Amino acid sequence: MTEDKLILEGLKRGETDSLQTLIDKYGRYAAAVSAKVSSGKLSSQDIEEVTADVFIAVWKTASRIDPDGNTLKAYIGSTARNRTFNEMRKSKHKELQDIDDHDNLLTIPGAEESFIEQEGARQLELLIDDLKEPDREIFIRRYFFMEKVMDIAGRLNMNEKAVSARIARMKQRLQESCMKEGAIR
Amino acid sequence: MKGKITDMVQNVKPEYWKEIDLTQEEMDALTKDLNMERVKEIALEKASATETAAENRISADGKANIGASSLELKHKKSKRDRKIPRWLIPAVAAAVICLGGTAFAAQMGYFDLVYGPGSKAPEDKIIKIHESIADQGIIMTLEEILPGDGGGIILMSFERENGEAFPEVTQIANVELQILNPDGDDGESKFPSLGYGFTLIEDGKKLIANFSLDGGEQIIGKDIQITAETLFSIHYDELAAAFTLEDYFAVHGNILSLEEALAVEEAMEEELSEKRRQDLKDDRDSDTSEAVVSSESGGAFIIDPAAMKLWAENRSNSLNTGYTGEESSGKQFLLPLENRWPEYTFGGMVLVDDMLLLFDYNQDNGMDNYKLRDGVTMYSLIDDRTGEEIFYSGSKGNAAYFRGITKEDLPYLRPVVSYSMKEIVSEGVWSFSCFVEDKGQVKIYTLDIDVPTEDGMTKLIQVVITPMGINFTGVWPDSEEPKGVPRYRPEVQLCLSDGTFATMEDMGGRSESIYGFNDGFKIRYDPASEDPYGVRFLDSDILDNVKSLIIDGREYDLQ
């Protein structure tokens, strides 16, 4: 059994030693994801709280976690991102509006109810599966880490307009697949 | 309808993010002002608090009032007793209840057995079926159903016809619920959230499966059909290889300098932009050791994705990184358990400077249902000098990578292989139809409550109270466009006719179509439970005696 699965088993048994081990192993990673997503909009104390909550979430839900590839890293990274995002949304950071612009909004006329919640993520997964580099990295930076287009362009040594164009194409693909899926359901 | 991609990302399965990584340098920079000890302290304090609450709640022999701020600790229970699943999630590990006697379920009741004696499932609201059907050597019994607001909880059990025990980890590949139309045609299945859990009892001879369906149509007063398919077992194993990395590389020779790796990458990766490729060259020229860092773009990836793709594509040809089981030297590198599962092809290894890459197995066993697919991975090494296990630094695609591995380390390192192998126990299909009797499980009240939020005025128009909790339905009366689920969530209590209160806990929400397309939302509240593992139902004393709702301290009568 992998170390992560052993840790998970310990969490399921309510062993705080396992929780300590998990934090030792992934604490800095979770905090880094949170710090990256919040990009200076949350205080250090807030990030520490969010990071602690990530591990409490794992602690509480250990019995339903089935780690992919025998590692908890993806689960923790995903939880850290989402908790940070929600924390920022809860405090209604106006900076969050930066990502709430046109390249974040999908319009899917005619789709059935609750489509976004139930099927949108599935379409997103299909898109992620299909993305080639550098689009994949651009997608992750833009929508997982919520980096600004300008920063992504700088990171990848690309023209800002080129990054925007790639994002627009990805969004278009997602919108089309959602519309197609929504229309046939 | 409009939706935000950043919101949709929240519902993407975590495994889609497994390749996301941060460089050590970036992690250090991002966390330099953070106090990781404080993180640990906060987490352990909260964990300890929840653990104590769990002890308290259960020790109060199931009579603890929901919403009680604290409970007296009367008897400490063992950790085993605290291990109770939540109703939407898998149940406890099989071994926990395996020791139960043959009449265990009959004595405890199925809901108590699965959710714990303190869960207080309302007995008089449960529909008890207890009828069996056999197929492919397995008897399936539809035991009990507790309807909720669209769906509910279904408990079923499985036993072998020959009375033998099941493997320690046994699960069901597929369960479906259909509402049958009055004309006899099969209705549409529409139950978006399906949690499940499995509990082995009676020395492993009986498997209890609990399925929770949430958010679909109401099933009360309707004929439904429940179909379960295919029992399978999961066998986990992990073993270290008998050969060292030096043995392997002596035959395969997949040790590349960074120069070589970059050269091959450059030649074959056409998708790289000219600018980026130039940067790689510049970095390589100035300082070889920096090139890798540069190719990380300072961001999410340790290894340049293009290079990874290249190595993976070429592992069986020019780089000779493929593993075929028997090389020209005649030396074999059988990985642990490879004799048992020879169909799994090892992807190979590459060492680039101080970075070791282990490519996973080809592990597709042809199963369409992902639950039945095997897993074979390599994410660690055993260091024979210290006996310690070295865990991977990160993963990308189908490879795990390890930083800081040098040629000098190779004679002492052996890869570790983890297997999770699925085996079909029975390919039976067990289907049952039944009528869901109305026993007052679901109570629907019309509301007309304006709730000011940061996003504008919302109106709560309905609340549905069930044993699982309550669901609010709301709309945005002043908005022309759908606004989704409000960020603001009020404190909610149920006020009972005897003057006591039941405190509810926010469990999130989703958009709903009320009058127009996705113009409203639903928010779910569960009974508050101090026990993080515990399930708490609204029992009949509460369900049948709700007088009013209290939202943020203001009381609203329920008629």
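Procedures and definitions
Residues numbered from 1 in each chain as written. Chains lettered and ligands numbered in written order. Predicted model: local features only at pLDDT ≥ 70, side-chain atom pairs only at ≥ 80, totals over all residues. Heavy atoms only, no water. Helix = DSSP H or I, 4+ residues; strand = E, 2+ residues; numbered from the N terminus. Buried < 20%, exposed > 50% of the residue type's maximum accessible area, 1.4 Å probe, protein only. Contact = heavy atoms within 4.5 Å. Areas by Shrake-Rupley, 256 points an atom, 1.4 Å probe, with all protein chains shown as cover. pLDDT = per-residue confidence, 0-100. Polar contact = N/O pair within 3.5 Å; in protein donor to acceptor, adjacent residues only side chain to side chain. Pairing = 2+ DSSP bridges. Axes fitted to C-alpha atoms, helices over the stretch in contact; angles between N-to-C directions. Phe/Tyr/Trp six-rings, centres within 6.5 Å; stacked < 30°, edge-to-face > 60°. Lys NZ or Arg CZ within 6 Å of the ring centre and 35° of its normal. Parallel < 35°, antiparallel > 145°, perpendicular 65-115°, else oblique. Left-handed = near helix turned anticlockwise from the far one by under 90°.

Draft legend 1. Structural context of the overall build of chain B. Across its full length, chain B holds 13 helices and 24 strands. Residues classed as buried in chain B amount to 55% of the 559 residues present. A separation of at least 24 residues holds for 67% of the contacts in chain B among residues at least 6 apart in sequence. For chain B, the computed accessible surface area is about 23,700 Å², with 46% contributed by carbon and sulfur atoms.

Draft legend 2. Representation of the confidence of the model for chain A in the model. Residues and elements named next belong to chain A. Looking at chain A, pLDDT values average 76 and 78% of them are 70 or higher. Averaged pLDDT values over the elements of chain A bottom out at 68 in strand β1 (residues 105-107) and peak at 88 in helix α2 (residues 16-38). Low pLDDT, under 50, characterises residues 93-98; the stretch is placed with 10 contacts to residues that sit more than four places away or in other chains.

Draft legend 3. Expanded view of the side chain of Asp149 of chain B. All names here are of chain B. Among the secondary structure elements, Asp149 is positioned in the loop between β3 (138-147) and β4 (151-160). On the basis of relative accessible area, Asp149 is assigned to the buried category, the value being 10%. A polar side-chain atom of Asp149 sits 2.7 Å from a polar atom in the side chain of Asn471.

Draft legend 4. Up close: unusual backbone geometry. Its identity is not glycine, yet Asn157 of chain A carries a phi of approximately 50°, on the positive side. Mapped onto the elements of the fold, Asn157 of chain A is located in the loop between α7 (149-155) and α8 (160-184). The backbone phi angle of His130 of chain B is positive, close to 55°, even though this residue is not glycine. Looking at the element boundaries, His130 of chain B is found in strand β2 (residues 127-135). Since its relative accessible area comes to 38%, His130 of chain B is described here as partly exposed.

Draft legend 5. Quick peek at the sheet that holds strand β12 (residues 375-383) of chain B. Residue and element names in this part refer to chain B. With antiparallel pairing, 5 strands are arranged side by side in an open sheet as β5-β8-β16-β12-β13. Two strands lie at the open edges of the sheet, namely β5 (170-180) and β13 (389-391), each paired on one side alone. Each neighbouring strand pair of the sheet contributes to a mean axis angle of 30°, computed without reference to strand direction. As paired strands, β5 and strand β8 (residues 223-240) are joined by 10 bridges and run antiparallel to one another. Among the inter-strand pairings, Val175 is bridged to a residue of β8, identified as Ala228.

Draft legend 6. Seen up close, the environment of Glu9 of chain A. All names here are of chain A. With respect to the helices, strands and loops of the structure, Glu9 is situated in helix α1 (residues 3-12). On the basis of relative accessible area, Glu9 is assigned to the partly exposed category, the value being 24%. Taking the C-alpha atoms as reference points, Glu9 and Ala62, 53 residues apart in sequence, are found 8.0 Å from one another.

Draft legend 7. Quick look at α1 of chain A. Residue and element names in this part refer to chain A. Of all 10 residues in α1, 7 are buried, a share of seventy percent or more. All of the buried residues along α1 are Asp4, Lys5, Ile7, Leu8, Gly10, Leu11 and Lys12. At the exit of α1 stands Gly14, carrying a positive phi of roughly 80°.

Draft legend 8. Looking closely at the packing of aromatic side chains. The full count for this structure, using the stated rule, is 9 aromatic pairs over all chains. Centre to centre, the rings of Phe111 of chain B and Phe537 of chain B are 6.0 Å apart; their planes meet at 75°, and the pair counts as edge-to-face. Of this pair, Phe111 of chain B sits in helix α7 (residues 110-115) while Phe537 of chain B sits in the loop between β22 (520-527) and α13 (540-543); the two residues are 426 residues apart in sequence, bridging distant segments of the chain. Taken as a pair, Phe111 of chain B and Phe537 of chain B share a single burial class, namely buried. Clustering of aromatic rings is evident, with ring pairs tying together Phe243, Tyr248 and Phe249 of chain B. Here the guanidinium or amino end of Lys73 of chain A rests over the ring plane of Tyr29 of chain A, the centre of that ring lying 4.8 Å away. Of note, Arg81 of chain A hangs over the ring of Phe85 of chain A, and the distance from its end group to the ring centre comes to 4.7 Å.

Draft legend 9. Inspection of the environment of Met468 of chain B at higher detail. Inspection of the secondary structure puts Met468 of chain B in the loop between β18 (456-466) and β19 (469-475). Through-space distance from the C-alpha of Met468 of chain B to that of Pro147 of chain B is 8.8 Å; in sequence the pair is 321 residues apart.

Draft legend 10. Looking closely at the packing of α2 of chain A against helix α3 (residues 44-61) of chain A. All names here are of chain A. Put simply, α2 and α3 touch, their axes get as near as 8 Å, and they point 135° apart. Considered as vectors, α2 and α3 are oriented oblique to each other. In this structure, α2 meets α3 at a crossing whose hand is right-handed. On the side of α2, the interface is formed by Thr16, Leu19, Leu22, Ile23, Tyr26, Gly27, Ala30, Ala31, Ser34, Ala35 and Ser38, while α3 contributes Ile47, Val50, Thr51, Phe55, Val58 and Trp59.

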